[in-house]
Amino acid sequence: MSKVVVMDHPLIQHKIGIIRRTETSSKEFREMIGEIAMLMCYEATRDLKLEDVEIETPITKMTAKELAGKKLAVVPILRAGLGMVEGMLAMIPAAKVGHIGLYRDPETLVPVEYYCKLPADSSERDIFVVDPMLATGGSAEAAITMLKQKGVKNIRFMCIIAAPEGVKKLQEVHPDVDIYIGALDDHLNDHGYIVPGLGDAGDRIFGTK
Ligand SMILES: O=P(O)(O)OC[C@H]1O[C@H](OP(=O)(O)OP(=O)(O)O)[C@H](O)[C@@H]1O
Ligand SMILES: O=c1cc[nH]c(=O)[nH]1
Ligand SMILES: [Mg+2]
């Protein structure tokens with residue numbers, strides 16, 4: 001069964017409190033999403049492997065540490081996932097970026113695919129799929145299935161707010177995918193929105209409503 005990590009860092013909790021507020025502007029919402037993604041990336045990369053490397057400081061030779069050549073990629077689920085990319089790249093600048101376009105049909109809540117463009121060597125990379133919201137789990141499930149169909153094996157999913165329903169579904173369908181969550185909320189309402197949540201993340205990032 002996959003690992004589920006709910007972030008307990010005070011800075012992450014504080015910033016999530018800001019993006020939940022109705023009065024937070026698009027500008028501040030976007031900035032906060034970026035900062036939260038950066039802090040979550042820091043926490044979610046704790047297990048990256050290091051290797052020894054011989055270096056020289058101005059004083060002496062020494063054995064230092066560097067990342068063990070792991071190839072990473074960040075794959076946002078469009079649109080809202082785009083808001084997390086810059087923050088992720090601030091922490092892991094050598095990562096490549098793929099894009100998966102999905103929107104949730106407002107009536108059926110079923111995800112509809114409209115775009116997929118991945119780095120050519122995706123199957124050799126460890127991939128972070130990012131989307132601020134995990135609601136029914138349909139979009140994350142579909143995105144991860146698309147990646148697996150293209151040969152990707154090592155996948156982690158990162159979201160800022162999750163509903164228990166989405167976590168359960170993702171664990172059932174993709175038990176090999178670790179899930180990193182900023183805050184685990186209470187439930188979904190009748191329209192598939194997370195309660196208490198923050199509303200529609202894509203609309204709030206891009207100011208479309
Ligand atoms: O877990 P689910 O029930 O699938 O819901 C979550 C999805 O819904 C939102 O995207 P939306 O469909 O609003 O598209 P957008 O990012 O373009 O606004 C959100 O960003 C997730 O991708
Ligand atoms: O609460 C929700 C659920 C799905 N998508 C969002 O943006 N917000
Ligand atoms: Mg949306």
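Residues numbered from 1 in each chain as written. Chains lettered and ligands numbered in written order. Predicted model: local features only at pLDDT ≥ 70, side-chain atom pairs only at ≥ 80, totals over all residues. Heavy atoms only, no water.

### Considering the UniProt feature "binding site: uracil" (unreviewed entry) in the protein chain
Phase 1: In this structure's numbering, the residues bearing the UniProt feature "binding site: uracil" (unreviewed entry) are Ile194, Gly199, Asp200 and Ala201. Narrowing the list just given to those that line the largest pocket leaves Ile194, Gly199, Asp200 and Ala201.
Phase 2: When near neighbours in sequence (up to four residues on either side) are disregarded, Ile194 contacts Met133, Leu134, Ala135, Ile161, Ala162, Ala163, Asp185, His187 and Leu188. (UniProt positions renumbered as here; feature names shortened; annotations may be inferred. 1 Å grid on protein atoms, 1.4 Å probe; cavity = no way out; pocket = protein on both sides within 12 Å on 5 of 7 lines; lining within 4 Å. Contact = heavy atoms within 4.5 Å.)

### Some words on the site of ligand 2
Phase 1: Close to ligand 2 lie Arg104, Met133, Ala135, Gly192, Tyr193, Ile194, Gly199, Asp200 and Ala201.
Phase 2: The backbone of Gly199 places a nitrogen or oxygen atom 2.8 Å from a nitrogen atom of ligand 2.
Phase 3: Look at ligand 2: alone it shows 240 Å² of surface, and the protein chains cover 88% of it.
Phase 4: Spatially, ligand 2 is embedded in the largest pocket.
Phase 5: Across the shell around ligand 2, the residue classes tally to five nonpolar, two polar and two charged. (Near = heavy atom within 4 Å. Polar contact = N/O pair within 3.5 Å; in protein donor to acceptor, adjacent residues only side chain to side chain. Areas by Shrake-Rupley, 256 points an atom, 1.4 Å probe, with all protein chains shown as cover. Sits in = over half its atoms within 2 Å of the grid points. Nonpolar A, V, L, I, M, F, W, Y, C, P; charged D, E, K, R; others polar.)

### With respect to the side chain of Glu43
Phase 1: With respect to the element layout, Glu43 can be found in helix α2 (residues 26-44).
Phase 2: By relative accessible area, Glu43 is classed as buried at 18%.
Phase 3: Apart from the residues within four sequence positions on either side, Glu43 is in contact with Met7, His9 and Ile12. (Helix = DSSP H or I, 4+ residues; strand = E, 2+ residues; numbered from the N terminus. Buried < 20%, exposed > 50% of the residue type's maximum accessible area, 1.4 Å probe, protein only.)

### Some thoughts on the environment of Gly17
Phase 1: Positionally, Gly17 belongs in helix α1 (residues 10-20).
Phase 2: For Gly17, a relative accessible area of 31% puts it in the partly exposed group.
Phase 3: Taking C-alpha positions, Gly17 is 37 Å from Glu124, a pair spaced 107 residues apart along the chain.

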